[in-house]
Amino acid sequence: MTISRERATAGLGTGTVWAQFGLRDGERDDDCPQIALGRVANRAGAGAAHDYLYVICEPVELTARAVPVGASVIAAIRDIYRESDRDDPVAAIAAALEAANDVLYAKNRATAPDLRVVLGVTCLVVRDNDLVICQVPPTQTIVAQNGTPIALPELESWLDDYQPHQQGGPSGLGLQERIEPQLFRAALERDDLITLCSSNLAAVLAGEDLGPLVGDDPVAARDFLADLAARRHLDPAYAVVLAAPRDEDRALPGNRRAGHFGGDDGTPRRGGAVAYAEYDADEADGEAGEAEARPAITAGWLERGLREMRERSRVIPWPLRRAAPGPRVVPLRDDIQLDAARDRRARHEEYDLDEAGHDAAPPRLVRVTAPADADDADTDDPEDRHEAAGADWADADDGGEGPGAAPRPARQRAGFGQGLWSVAALVVLVLGSILERVFPAGRRDRRSDALDNRRNRAWPIGSLERWTAGRERRLPAGPWAPLAIVGVIAVAALLLVTSVRGHQARAAEERFSTALNGVVSAREAAVAAPDRAAARTRLLALRGELDAIPTGEQPGRQERVAAERASLARAVDQVEGVQRLGAAEVQLLAPAPGAAGGRPQIVLGGGQQFVLLDGTLYAVDGRGKALSKILARGDSAGGASVGQLLGAAWRLDSLLAFDESRGYIRDAAGKWSALPLAAAGRKPAAADTFDGNLYLLEAERGQIVKFASGAYASAPQPWSSTKANGELGLAVDMTIDKDIYVLLSDGRILDFFQGELKGQFVPGVVPALAGASAIHAAPDGKFLYVADPREGRIVRLGRDGNVVATYKAAEGTTPFAGAREIAVDEGAGVAYLLTDEGLLSVRLPAPRP
């Protein structure tokens, strides 16, 4: 067998012997929905007009949706090929694949990424002894003759690092708007064996002895592949092996050997889940016969799309040209040569060579898009159709482009230039006509010539009057003639400017759409990426790319950019796991009294909220939306003068505030009492109480100290172990609920119990908590709450450090950016957040179970 990308010889028609198997979910079956075999009557076919069509398809990603869609695509390819009006099987099968790709690609564009289906397809067409192979990876074809295999593609290409669409070759159906299938022709010979299999089997065969695959027994080859799939645990896996029958098989009437393609009555066998019904060309004119012959396609969207695409998808047949002699067949193996005599006969029969034998190698098949008016040409001859196509015909030999080159629509390439030339030609014609009429330079009609030739004869006066009256009327060269010329030029210039501006506007719109679609595709890919940190970085970069897209101050473009900007914001929230809180959940309780320095504190207790700002203690007046000062430096409390307040906390059932020498306790009636406190020289970063004991976090000294209840006048005791003191140098805030939790500046949280470091954890939020300012644990609560001023968010954590939820303010609501302190009433589900705007009340949603 000789395989090439050119035409092959015609010869003896054959049937086919085949064997197939499918392995799915550990169960082997002789039927497989990814394989279809059948005999098809082509409307335009000559002679017997029966072709044998074999199709195998493979989803790039196996999903529950891929198998039924693949079966429907196989049925659609068969139907389009059967109904094609092209005599050339190459043109017909290429058109069928292109139409199926158009519909599947359009469906994928409107489908969520995880529901899209991309298919690899290989189609074999056998007409007489002529074999056509049309292939869109991933699938594998192996052709064996006399013990020598030809693999399409090479078996080694299916190793782990091989990606078809990254190697410049064809991609699967439904992945790209245009496909360029690999096309081969072959002359079938006796005992040839053809294997079609899935790519996972092909990858295993790269390191195996092909054995029966290079023999002549399809059943043995099928069993070899099935055993190989079972041994290598390939699931799913499927294959079909085809062989032309021997002479003795064809001589037996009614042959029904196991696996033979057709029975006595010519009824095709069933290959998997798709049954191929024979189409009778004589019934093509009858609506009822055609409806009965065409099987139903299970996927309604595919059927509807194909009805629209069947007539629009066109592949122009190969032209026959004469040029310098050249080789007709390019073998895939150096050791395969055509018989010289057979080659000469084939060339004379196929291309009608002259007696000298001069002819050119036929041009390679190139898929182009026929012009809209190509069908209106009143001819059925392929050569006439080729001439009617005009400049839209694309030949691979013209310009040196190979069969893999993408077609270039001539109408689009020449449209703008032809428009300019048309306008210029119109201007020249109009100007010439006007000038010719204004300045009639010596034009005379036949009567004038007759008068000159007969000037010696006497003519009646009436004849001269009739001649004068019959002359063409010309525009008088009056003063308005130049104005008319200027007007025509102005109109032509206006048309030219309009054409140029229209072209520029279309080009700008195309650039805008391309750039915007690129941002949309990149956003979808980022959201689907498993690495959330990298996805967030990419989404933030896309904001800059989106802002750089010029809109030309056109409202339509601006609206599309604004919509994509909102989609990017939602995508960032999705990657970060953020839940937005609106105006109903976020309220401003009281504005900040002014710029404050130092470490602020929020204290909750007794149903009230207190705020320590810059050494002054305030009570929150929720009704008045204000902060009321209750204790400040210089005030008298319990008979003592108050110094600069260092901290505040809720102690048992009373409010405690303290300076370097005293603690001040406020009872329920609002009266203050004082008690001594040995806190001279202390600079606490945070303070809290537990069971009447007062704990101070001293980040500068890298330690936590404890004032025992009833012994505040004594020097504090070091509470934290020396092993953890190095970490405490990075401490930002502290909260106590049985355990003491310390927030570090790098986002880590330390868990202390009875002075020892019990553990530490890093919350898995995106982005990381580096820069967090405050932490709070409600008494007898379940969660920890962290305020992040840089990202403007509240992070709710479990006591083990797992992220429960992340909250941000919605657009148009007071933001959480710049938050410096947080306290949470977990029972009421309200968080109090101190920002640059003031004290915010944030109602948190109930945690999900």
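Residues numbered from 1 in each chain as written. Predicted model: local features only at pLDDT ≥ 70, side-chain atom pairs only at ≥ 80, totals over all residues. Heavy atoms only, no water.

**Brief notes about the nonpolar core**
Grouped together as the largest cluster of nonpolar side chains are 30 residues, with contacts concentrated most on Val-73, Ile-77, Ile-93, Leu-97, Val-121 and Cys-123. Those elements giving two or more residues to this core turn out to be strand E5 (50–59), helix H1 (66–82), helix H2 (89–109), strand E6 (119–127) and strand E7 (130–136). Tallying contributions element by element places H2 first for this core, with 8 residues. Beyond its immediate sequence surroundings of up to four residues, Cys-123 is in contact with Tyr-54, Val-55, Ile-77, Ile-93, Leu-97, Val-132, Ile-133 and Cys-134. (Core = buried A, V, L, I, M, F, W, Y, C linked by side-chain atoms within 4.5 Å. Buried < 20%, exposed > 50% of the residue type's maximum accessible area, 1.4 Å probe, protein only. Helix = DSSP H or I, 4+ residues; strand = E, 2+ residues; numbered from the N terminus. Contact = heavy atoms within 4.5 Å.)

**Brief notes about the packing of aromatic side chains**
Remark: the centre distance and the inter-plane angle together describe each pair of aromatic rings, the angle taken between the planes. Scanning the model with the defined rule gives 4 aromatic pairs in all. Above the plane of the ring of Phe-512 lies Arg-557, whose end atom (NZ or CZ) is 5.4 Å from the centre. In this structure, Arg-796 packs its charged tip against the face of Phe-783, placed 5.2 Å from the ring centre. (Phe/Tyr/Trp six-rings, centres within 6.5 Å; stacked < 30°, edge-to-face > 60°. Lys NZ or Arg CZ within 6 Å of the ring centre and 35° of its normal.)

**Here we look at the sheet that holds strand E14 (residues 586–591)**
Spatially, E14-E39-E38-E37 is the arrangement adopted by the 4 strands of the open sheet, whose pairing is antiparallel. Unpaired on one side and paired on the other, E14 and strand E37 (821–825) mark the two borders of the sheet. On average, each strand axis in the sheet is tilted by 20 degrees relative to the strand beside it, whichever way the strands run. Pairing geometry for strand E38 (residues 830–834) and strand E39 (residues 838–843), over 5 bridges, is antiparallel. Residue pairing across strands places Val-830 opposite Arg-843, the latter belonging to E39. (Pairing = 2+ DSSP bridges. Axes fitted to C-alpha atoms, helices over the stretch in contact; angles between N-to-C directions.)

**So, helix H4 (residues 218–231)**
Compared with the 20 Å implied by 1.5 Å per residue over 14 residues, the 20 Å span of H4 between its first and last C-alpha is a close match. Among the residues making up H4, those that are buried are Pro-218, Ala-221, Arg-222, Phe-224, Leu-225, Ala-226, Leu-228 and Ala-229. Its side-chain oxygen placed 3.1 Å from the backbone nitrogen of Val-219, Asp-217 serves as the N-cap of H4. In the stretch just after H4, His-233 is the one whose phi turns positive, near 55 degrees. (Expected span 1.5 Å × (residues − 1). Polar contact = N/O pair within 3.5 Å; in protein donor to acceptor, adjacent residues only side chain to side chain.)

**Some points on the sheet that holds strand E27 (residues 703–707)**
A sheet is described by the order of its strands in space; here 4 strands give the open sequence E25-E26-E27-E28, paired in antiparallel fashion. In the strand order of this sheet, the two ends are held by strand E25 (686–690) and strand E28 (717–718), each with one partner. Where E27 and E28 come together, 2 bridges link them in antiparallel fashion. Among the inter-strand pairings, Val-705 is bridged to a residue of E28, identified as Pro-718.

**Here we look at the side chain of Ser-199**
Inspection of the secondary structure puts Ser-199 in helix H3 (residues 199–205). For Ser-199, a relative accessible area of 14% translates into the label buried. Among the polar contacts made by the side chain of Ser-199, one reaches the side chain of Glu-58 at a distance of 2.5 Å. Apart from residues no more than four positions distant in its own chain, Ser-199 is found in contact with Glu-58, Pro-138 and Trp-158.

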